[in-house]
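Structural description and commentary
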Amino acid sequence: MKSDVQKNVKTAKETIIQKSKFDFLSLLPFAVFIITTLIFFNEQIFGKGFFWEDFAEFVYPLQTFAARESASGATPFWNPYSFVGMPFLADLQTGFFYPLNRLLTLFVGPNGNLPVGALQFITILHFMIAQTSMYLLLRYFKKSIFASIIAAISYSFSFMFVCHVFHPMIVYHLSWFPLVVMFFYKGMHQSSIKSSIYAGLILGMSMLSGHPQTTLYEVLFLGLLFAWEFISDLIKSDRNTKKIVNSLVAGIIPVVIAYGLFQIQFKPAQELADLSARSDMSFEKSAEGSLQYSQVLNSIIPNFYGNVLPDGKSDVTFFLKMNGPDGKETTAPYFYYWDTAYYFGLIALILGLIGFTSIRKNRQLSFYLFISVFGLLFALGDNSFLLGIFHNLPFFNVLRIPARIMFFAVFGFSFAAAYGFDLIKENSKDKKYLLKVLLPIAIPLVLSLLGAIGILQIMAGVPSEYADKVAPFATSAFVICLLAGIVIFLYYRGLINNIIAGSILAIIAFIDLFSAGADFNVSKIDYSQEYNLPSENLDVFRPKYPDDIFRVNMRMYSPSFMAMKRNQGMVSKIMLLEGYNPLLLKRAVPPLKEKDDIHNLFNVKYEIALDTLRGAPYFADRKERLPRAWMVFDAKVLSPESVQSYMKSNKFEYRHSVILEENVDFKSNGIDSSLQSDVKCLEYTNNSMKYEINAPKAGFVVFSEIFYPAWKAKIDNNPAKVLAANYCFRAVQVPAGKHTIEMYYDSDSYNSGKLISLITLVLSAAAIVVLSVVKKK
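This report concerns the structure included in the present document. Sequence order as written defines residue numbering, which begins from 1 separately in each chain. Local features are withheld for residues below a pLDDT of 70 in this predicted model, meaning they are given only at 70 or higher, and side-chain atom pairs are given and counted only at 80 or more; totals for whole chains, interfaces and linings count all residues. Here the side-chain values reflect all heavy atoms present in the structure, with hydrogen atoms and water set aside.

**What to know about the side chain of serine 144**
- Helix and strand labels come from DSSP, where a helix needs a run of H or I of at least four residues and a strand needs a run of E of at least two; each type is numbered from the N terminus. Structurally, serine 144 can be placed in the loop between helix H5 (116-140) and helix H6 (145-156).
- When near neighbours in sequence (up to four residues on either side) are disregarded, serine 144 contacts Arg139, Phe421 and Asp422. By definition in these notes, contact holds between two residues if any of their heavy atoms fall within 4.5 Å.

Next comes the structure, spelled out in structure tokens:
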């Protein structure tokens, strides 16, 4: 009796120990992901370092404006503070409907500005999401905990993430993508409609973060994956019709749901794209940012061609050679450093190569080898054939920087690295497998050694003045390869177990990526402080609604000088002529010869000028500017093709006449400058305005506002047409007498897109509930 009790107690203790061990190991990865993220971004987290470049110049003002508008309860359809006014929400890059961006609304300060720490925190958070996402994908394929951790670290701290922190939209997309792939697989493998719906919802959510190029590449990735899995099933299965149909449906559902959810952003964005300066792009332009063949070496030595760091502290100036537009060799622009960066660490490279040795036995590995090679060939741009084929397809023909598709290779090698780690253990008793282990170690080991002693530089044509400077980078790579090789060999021989080997390799992988890339995002300049203008300046340059509305010109080109940050307007509520955005409207500047005439039409009150006596810039107060809206009683109707030439001819009297591009029911009797009218602004917001008009005869109210089809108008509460006027402005035809004109932003494309997205969301949620209930029963 006593022995039975002791036996039961012993069994209970063993069960508790096993359970505790399981709980510890199951929680360990997430603790690791928190620690790695905190270490990698410790300077930003503790306020000692700041993201830079486009994060400061573009992302911060963009998200400050969005958060401030959202906090006030408004939807930011229109941005009146940059480029004389332009669509805001319709610009995909704003990512206004991305849920984590909307968390920023909670952090808007009393002054209406967004703390830089809040924006950095949201971006940093995605590095934890990325690690968790990749880890869960590999665990779905039953890879070991430590194999999955290695893959997660390699993927999430690769240069595809680290060097695009100041393009956080890319980071946001890629961080969720492994989770999308996991549910995509589950949908197809298990014929699980619910998993397919989850894949679609997550993909759609990530698409809302706002980087169309990454969206397109992810859809291409899933399309290739679907084709690979579907064809493999057709070949290997018994061709059961039901199975084929289920697999087909499960593979299509994610893209359909993501597309539907994305419509609230996509439809207005498509409208903007058709009117933008980037709606047409030559192949030569789309090939900008192509990977060079020599940059394959960057998979072993990440900074073999130098680097670019914030605050001018680069170890070795970026010196990559490429062919210029004229076909002659030239040095690549500095921004090619991050646009073509993809380094994913030597551990993932070695383990990935080991994993790829088993492609015959595993169709997933076969696919990720294919997708890695595909990504490389596409990234080579005009140095290869693949971009030329895709450039003829819709959407691909308006994108630059094909090197960004190298996330295919980063994903592929990270995925294969987990397989490689586990395959070493599985084949430890197979002596023939030793060659498959040693060869992937030897390749980067030998090449990095050649770089350390300077031979690789000669082979790669590195200029002599840089050869010695990049040798330390190669030496670091050699040491990492050597350490990794020793650990992998000991693991293969069974001298250390998978926990020790996995832990060491994960640490080495992190140290490698940290030492190569952590400094890239550590600027010592808190750029948010550069947007803080003295209160007396704000009082002068901010419009006084509704009585004194005007714009400011803060940049001159000869000599070159900027009095404010390029996107200062969005932060400080100053209506600027200038701005900074990769996407611009085709028609944004009137085609007049004289700058003064352009500034008059643009309602510029303060213009940056040069004091020739002191040789210093100052703001000139312009008295001759036109008001924000004025009345004219003469109109000329011209074809869109002839408007520019007429306006440049000096025949155009813009103070008394308007140029239209469509016929209207109006008879012009010529210019009569003696006619007096009154145009008074009653209300003015970002998305609407109201004017009171008193006109002695029928005519047109011309608005110094950029024309865009989403703007609608009412005269005395009756619908009125907003006309394209003076090439890029708006006008409304009004009858004689006293009237009230309301102009408001009301986008048909947004409204229809919103409806589609809501229907998609409701149907997806309903389907999940129904499927869950059915499964439970």
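**Details of the sheet that holds strand S9 (residues 616-621)**
- If you trace the three strands from one edge of the open sheet to the other, you get S5-S8-S9, paired in mixed fashion. In the strand order of this sheet, the two ends are held by strand S5 (551-553) and S9, each with one partner. Averaged over all pairs of adjacent strands, the angle between strand axes in this sheet comes to 25°, irrespective of strand direction.
- At least two DSSP bridges between two strands are required for those strands to pair. Note: S5 against strand S8 (residues 604-611), three bridges, orientation parallel. Directly across from asparagine 553, in S8, lies its bridge partner glutamate 607. Here an angle of 0 to 180 degrees is reported between the N-to-C directions of two axes, which are lines fitted to C-alpha atoms, with helices fitted over the stretch in contact.

**Topic: the pattern of salt bridges**
- Salt bridge, as used here: a side-chain nitrogen of Lys or Arg that lies within 4 Å of a carboxyl oxygen of Asp or Glu. Summed over the entire model, instances satisfying the criterion amount to 23 salt bridges.
- Between aspartate 621 and lysine 623 there is a salt bridge; the shortest N-O distance is 3.3 Å.
- Between lysine 636 and aspartate 634 there is a salt bridge whose closest N-O contact spans 3.3 Å.
- Residues joined by salt bridges that share partners form a network here, namely Glu57, Glu530, Lys565 and Arg566.

**Looking at the sheet that holds strand S13 (residues 678-684)**
- With antiparallel pairing, the five strands of this open sheet are ordered in space as S13-S14-S20-S16-S17. The two strands at the open ends of the sheet, each matched to only one other strand, are S13 and strand S17 (718-720). Here the strands of the sheet are splayed against their neighbours by 25° on average, with no regard to which way each runs.
- Pairing of strand S16 (residues 711-715) with S17 involves three bridges; the strand directions are antiparallel. Its bridge partner lying in S17, alanine 713 is registered against alanine 720.

**What about the packing of helix H18 (residues 434-452) against helix H20 (residues 464-492)?**
- Two numbers describe how H18 lies on H20: the axes approach to 7 Å, and their chain directions differ by 160°. In terms of orientation, H18 lies roughly antiparallel with respect to H20. Where H18 crosses over H20, the handedness of that crossing is left-handed. Of the residues in H20, those in contact with Leu434, Val437, Leu438, Ile441, Pro444, Leu445, Ser448, Leu449, Gly451 and Ala452 of H18 are Ala471, Ala474, Thr475, Ala477, Phe478, Cys481, Leu482, Gly485, Ile488, Phe489 and Tyr492. Working rule for angles: under 35 degrees goes down as roughly parallel, over 145 as roughly antiparallel, 65 to 115 as roughly perpendicular, anything else as oblique. Handedness of a helix crossing follows the sense of rotation of the near helix relative to the far helix, less than a right angle counterclockwise being left-handed and clockwise being right-handed.

**Describing the state of the cysteines**
- A pair of sulfur atoms, both from cysteines and within 2.5 Å, is called a disulfide here. Using the criterion set out here, one finds zero disulfides in the structure.
- Distance from the sulfur of cysteine 681, which forms no disulfide, to the nearest cysteine sulfur (cysteine 728) is 20 Å.
- Judged by its relative accessible area of 9%, cysteine 681 falls in the buried class.
- Residue class for cysteine 728 comes out buried when judged on its relative accessible area of 1%. The rule is simple: take the accessible area with a 1.4 Å probe, protein chains only, and divide by the maximum for that residue type; under 20% is buried, over 50% is exposed, in between is partly exposed.

**So, a nonpolar patch on the surface**
- Surface patches are defined over residues having more than 30% relative accessible area and no salt bridge, joining like charges when they lie within 9 Å and nonpolar side chains (Val, Leu, Ile, Met, Phe, Trp, Tyr) when within 5 Å. Computed with the Shrake-Rupley method and a 1.4 Å probe, the accessible areas treat only the protein chains shown as cover for residues. A surface patch of nonpolar side chains, about 390 Å² in accessible area, is lined by Ile34, Leu38, Ile45 and Phe46.
- Looking at the secondary structure, you find leucine 38 in helix H1 (residues 2-40).
- Judged by relative accessible area, which is 43%, leucine 38 ranks as partly exposed.

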